[in-house]
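Listed below are the residues making up each chain.
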Amino acid sequence: MEDIKRFRVKKQEKDDDVYFSIAWSHLTKAERYTILGSAPSMAGVYELYYREPGGALKQLFFQMAWYGGIREHLRRDIDPTLLDDAPIQKAIVEVNSCFFRYSLMEDIHDMEDLCFFFSRKAPPDKKELPSHSGRYRKIYVREIDSDRLVTF
């Protein structure tokens with residue numbers, strides 16, 4: 001497993017605003033045994049991508065993992081036998097190669113703020129958008145990624 005200490009979210013507060021810096025892990029193929037060896041059982045945020053038939057990567061979602069850690073959440077997200085209540089996601093993971101990246105953090109309220117921030121690029125048909133913690137006026141995010149996959 002990589003040195004996971006460098007894949008963390010850092011936070012700075014100024015006045016009523018917050019500035020997050022997300023240091024992403026390397027993009028890794030999301031398969032059962034790969035996840036066991038490369039995803040930590042720690043709290044944090046992660047993104048799941050799939051490769052479209054044309055070869056482009058498309059984000060499936062940005063998610064937070066609190067109880068059970070990132071490893072447990074990812075395993076559930078890519079196992080088609082556990083996705084009966086998510087038919088679109090099930091169809092995607094059954095036929096496409098999936099990839100993930102993560103960043104560690106311990107504060108659930110910070111995770112909520114990041115999920116709210118990243119929900120701005122969620123598909124318009126997504127029914128329930130996450131709420132933020134209400135602690136900050138504005139949320140700013142900077143992504144640090146050696147794979148050059150920056151979403152904002």
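Refer to the structure presented above.
Residue numbers run consecutively from 1 along every chain, following the written order of its sequence. Selection of residues for local features in this predicted model requires a pLDDT of at least 70, selection of side-chain atom pairs for listing and counting requires 80 or more, and totals for whole chains, interfaces and linings are taken over all residues. As a rule here, side-chain values come from all non-hydrogen atoms in the structure, and water together with hydrogens is ignored.

Q: How should the environment of Gly-134 be read in this particular structure?
A: The helix count covers DSSP runs of H or I at least four residues long, the strand count covers runs of E at least two residues long, and both are numbered beginning at the N terminus. Inspection of the secondary structure puts Gly-134 in the loop between α4 (108-118) and β7 (138-144). Three exposure classes are used, based on accessible area relative to the maximum for each residue type with a 1.4 Å probe and protein chains only: buried under 20%, partly exposed in between, and exposed over 50%. We classify Gly-134 as exposed; its relative accessible area is 53%. Linking Gly-134 and Val-18, residues 116 residues apart in sequence, is a C-alpha distance of 11 Å.

Q: Is there a simple way to think about the pairing of strand β1 (residues 9-14) in this case?
A: In this analysis, strands are considered paired if DSSP registers two or more bridges between them. Alignment of β1 against strand β2 (residues 17-23), held across six bridges, turns out to be antiparallel. For Glu-13, the partnering residue across the bridge sits in β2 and is Val-18. Joining the antiparallel neighbours β1 and β2 is a turn of two residues, in which Asp-15 adopts a positive phi near 55°.

Q: Can you help me understand the side chain of Asp-113 in this one?
A: Looking at the element boundaries, Asp-113 is found in helix α4. Should any heavy atoms of two residues lie within 4.5 Å, those residues are counted as being in contact. What Asp-113 contacts, discounting residues up to four positions off in sequence, is Phe-20, His-132, Ser-133, Gly-134, Arg-135, Tyr-136 and Ile-139.

Q: Just checking my understanding: could you explain helix α3 (residues 87-95) for this structure?
A: Within α3, the full set of buried residues consists of Gln-89, Ile-92 and Val-93. Projected down its long axis, α3 carries its buried residues within an arc of 90°, all on one side. Facing away from the buried side of α3 by over 90 degrees, the exposed positions are Pro-87, Glu-94 and Val-95. The arc in question is formed by the directions pointing from the helix axis toward the C-beta atoms.

Q: Is there a simple way to explain unusual backbone geometry in this structure?
A: Peptide bonds are trans in most cases, and residues, glycine excluded, mostly fall at negative phi. Unusually for a residue other than glycine, Asp-15 sits at a positive phi of about 55°. Relative to the elements of secondary structure, Asp-15 occurs in the loop between β1 and β2. Among the residues examined, Asp-15 registers a relative accessible area of 70% and is labelled exposed.

Q: Mind showing me how you'd approach the sheet that holds strand β3 (residues 28-29) here?
A: The pairing of strands in a sheet happens through backbone hydrogen bonds and is either parallel or antiparallel. The sheet built from four strands is open, its strands ordered β3-β6-β4-β5 with antiparallel pairing. Each edge of the open sheet carries a strand with a single partner, namely β3 and β5 (57-65). The sheet contact formed by strand β4 (residues 44-51) and β5 spans eight bridges and is antiparallel. Looking across to β5, one finds that Tyr-49 is bridged to Gln-59. Running over the sheet, α3 touches β4, β5 and β6 (98-104) and is turned about 120° from β5. Axis lines are fitted through C-alpha atoms, for helices just across the contact stretch, and the angle between N-to-C directions can take any value from 0 to 180 degrees. Each of β4 and β5 is contacted by α4, which is oriented at about 155° to β5, the strand it contacts most.

Q: Please clarify how the sheet that holds β2 should be interpreted in this entry.
A: Pairing is mixed across the open sheet formed by three strands, whose spatial order is β1-β2-β7. Of all the strands in the sheet, just β1 and β7 have a single pairing partner and so form its edges. On average, each strand axis in the sheet is inclined to that of its neighbour by 15°, with strand direction left out of account. Of the strands in this sheet, β1, β2 and β7 are in contact with α4, which crosses β7 at around 85°.

Q: Would you take a moment to explain the environment of Ser-21 for this structure?
A: With respect to the helices and strands, the residue Ser-21 is situated in strand β2. For the pair Ser-21 and Lys-11, spaced 10 residues apart in the sequence, the C-alpha separation amounts to 6.4 Å. Excluding residues within four positions of it along the chain, Ser-21 makes contact with Arg-8, Val-9, Lys-10, Arg-142 and Ile-144. Definition of a polar contact: a pair of N or O atoms within 3.5 Å, with one able to donate and the other able to accept a hydrogen when the atoms are protein atoms, and with sequence-neighbouring residues admitted only if both atoms are side-chain atoms. Within the local environment of Ser-21, its side chain forms a polar contact with the side chain of Arg-142, the two groups lying 3.5 Å apart.

Interpretation in functional terms is not warranted from these geometric data alone.
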